[in-house]
Amino acid sequence: MAKKIVTRTYKASIQNRSQVADDLDALGFAASKLWNIGRWTSARIWDEIGHIPEHDELTSYLKSHERYDDLHSQSSQRVLQELAEAFRSWYGKRQNGDTRANPPGYRKRGDEHPRSTITFKNAGFKLDTKHDHVRLSKGDNTKDYWADFILCEYQTRPDVDLGDVTSVQQVRAVWTGHEWELHFVCKRELDVPDAPGEQTAGIDLGICTFATLAYEDETAELYPLDCLKEDGYYFGKRIARSDDSTSTRVERLHRKWSNRRTHYFHTLAKHIVDRCVEKGIGQIAIGDLEGVREDEAGEAKNWGPHGNLDLHGWAFDRFTNLLTYKAEMHGIAVEQVDERGTSRTCSCCGREDDSNRVERGLYVCDECDLVANADVNGAENIRKVPLNPADSSSGDRSNGWLAQPSVYQFDQTSGVFTPREQATP
């Protein structure tokens, strides 16, 4: 067993809801108001000079606004940071040709402001794990005559004791649609088992095939994205038919769609980790896709009309985080590696040529005559990135397996991944 510091988020119910609900409502409404003010400010700047302000610019613009002081300063900063991130995502979609992408909207339901999540950073909360209390700071404008904080009594799962964590980084007050709950983002030291073996695996993430695995034992697996694409078309059409984007029906569709994606990513990550344990994998290399939307000159890549739409619904960061923490619990190390050139380089002879990838799913090397599944070739290159060149696992290997990967699909009936021939469509 080994000790490892990991980040975990623990949910907690609020035991004194009736006493704190009004105060949390006030802060939740204030966060929505500040979002809307930032949204209006960003749109005005965009219309005037064609520039979308970053969150630090927004903070400078709005620091003197009276609504900024409705929340603790760090909480206000987080609202504006989320808004800037949403604008950046929208702008990236438009650059990539997604004409259906809309900029982040105003947070309003009719004439009312909905309850937004409030994030409290280090200076914005004080935790008392002995009595299961947390003090959440109000803004200057929301303080009353007797208290400048909200005192919440919380209860976590029986197996979670916040007194045992190394540190609590953030506390979030989240409106679930029915009540407020708290999310504690913590650093925690855990006992993790020794690695199940010394073998290695590489993972290539993609748009059509979400994950492709290449193992050191010369086997490979593909995980197509079919069910998520079907969900995207189905829920996207139903939401588009609605006249009111803020209606309860649309919110319910978004929530159901999000829950299905979450289940898919958790299930896929768990399945891959279980497969790695079976095969004695001690290290997983996965492509670091930061900057995947830009080319080497920093310009937006054009993946085609369908590819551009898929790319921006591609939750690769989320999946990588899920895979990492699930793998850690089994002693498997996950390393994000630079995947530049891995899709156009032959994993057998090392020749790099864009023309070798003759089709989306086919890689043919004109130097060594390798014929391979293109995604498997990329995954094998990713697998070899962290290895020492002298390592035997990076040496000569047969190439027949590169063209014959196994295919696993998400079974809609059982809710797990099974071999394609056993999956229920």
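Residues numbered from 1 in each chain as written. Predicted model: local features only at pLDDT ≥ 70, side-chain atom pairs only at ≥ 80, totals over all residues. Heavy atoms only, no water.

Looking at an unreviewed UniProt entry, one finds the protein chain named RNA-guided endonuclease InsQ/TnpB family protein and attributed to Halospeciosus flavus.

Undergrad: Looking at this structure, I do not really get the overall build of the protein chain. What am I missing?
TA: Within the protein chain one finds eight helices and 16 strands. The buried share among the 425 residues of the protein chain stands at 44%. In the protein chain, once contacts between residues fewer than 6 apart in sequence are set aside, the share between residues at least 24 apart is 65%. Summed over all atoms, the accessible surface of the protein chain reaches about 22,300 Å², with 44% contributed by carbon and sulfur. (Helix = DSSP H or I, 4+ residues; strand = E, 2+ residues; numbered from the N terminus. Buried < 20%, exposed > 50% of the residue type's maximum accessible area, 1.4 Å probe, protein only. Contact = heavy atoms within 4.5 Å. Areas by Shrake-Rupley, 256 points an atom, 1.4 Å probe, with all protein chains shown as cover.)

Undergrad: How do you make sense of the sheet that holds strand 16 (residues 417-419) when you look at a structure like this?
TA: Paired through their backbone hydrogen bonds, the strands of a sheet run either parallel or antiparallel. One open sheet holds the seven strands; their spatial order is 12-11-8-9-10-15-16, and the pairing between them is mixed. Because the sheet does not close on itself, it has two edges, and the strands there are strand 12 (333-338) and strand 16. Pairwise comparison of adjacent strand axes, ignoring direction, gives a mean angle of 25° for this sheet. Bridging between strand 9 (residues 209-215) and strand 10 (residues 220-224) involves five bridges; their strand directions are antiparallel. Each bridged residue has a counterpart across the sheet, and for Ala-214 the counterpart in strand 10 is Ala-220. (Pairing = 2+ DSSP bridges. Axes fitted to C-alpha atoms, helices over the stretch in contact; angles between N-to-C directions.)

Undergrad: How should I be thinking about a positive patch on the surface in this particular structure?
TA: On the surface, a cluster of positive charge is contributed by Lys-237, Arg-241, Arg-249, Arg-252 and Arg-255. A per-element tally of the positive patch places helix 5 (residues 248-278) first, with three residues. Positionally, Arg-249 belongs in helix 5. Residue class for Arg-249 comes out partly exposed when judged on its relative accessible area of 33%. (Patch = residues over 30% accessible without salt bridge, like charges linked within 9 Å, V, L, I, M, F, W, Y side chains within 5 Å. Salt bridge = Lys/Arg side-chain N within 4 Å of Asp/Glu carboxyl O. Lys, Arg positive; Asp, Glu negative; His and termini not counted. Charge placed at Lys NZ, Arg CZ, Asp CG, Glu CD.)

Undergrad: For this particular structure, what's the right way to read the packing of aromatic side chains?
TA: One pass over the full model with this rule turns up 16 aromatic pairs. Ring geometry for Tyr-264 and Phe-265: centres 5.7 Å apart, planes at 80°, overall edge-to-face. A residue is classified by how much of its surface remains accessible, and Tyr-264, at 1% relative accessible area, is buried. Counting every residue linked through ring pairs, the aromatic cluster contains Phe-210, Tyr-223, Tyr-264, Phe-265, Phe-319, Tyr-408, Phe-410 and Phe-417. Lying across the ring of Trp-175, Arg-115 places its NZ or CZ 4.0 Å from the centre. Note that Arg-135 overlies the ring of Phe-149, its terminal NZ or CZ placed 3.9 Å from the centroid. (Phe/Tyr/Trp six-rings, centres within 6.5 Å; stacked < 30°, edge-to-face > 60°. Lys NZ or Arg CZ within 6 Å of the ring centre and 35° of its normal.)

Undergrad: Just checking my understanding: could you explain the pairing of strand 11 (residues 281-288) for this structure?
TA: Along any regular strand the residues' side chains alternate between the sheet's two faces. With six of its eight residues buried, strand 11 lies for the most part within the structure. Pairing geometry for strand 8 (residues 199-205) and strand 11, over five bridges, is parallel. Residue Ile-203 lies in a different strand from strand 11, and its bridge partner there is Ile-286. Sheet analysis places strand 11 next to strand 12, joined by six bridges and oriented parallel. From the neighbouring strand, Gln-283 faces strand 12, where its bridge partner is Ala-333.

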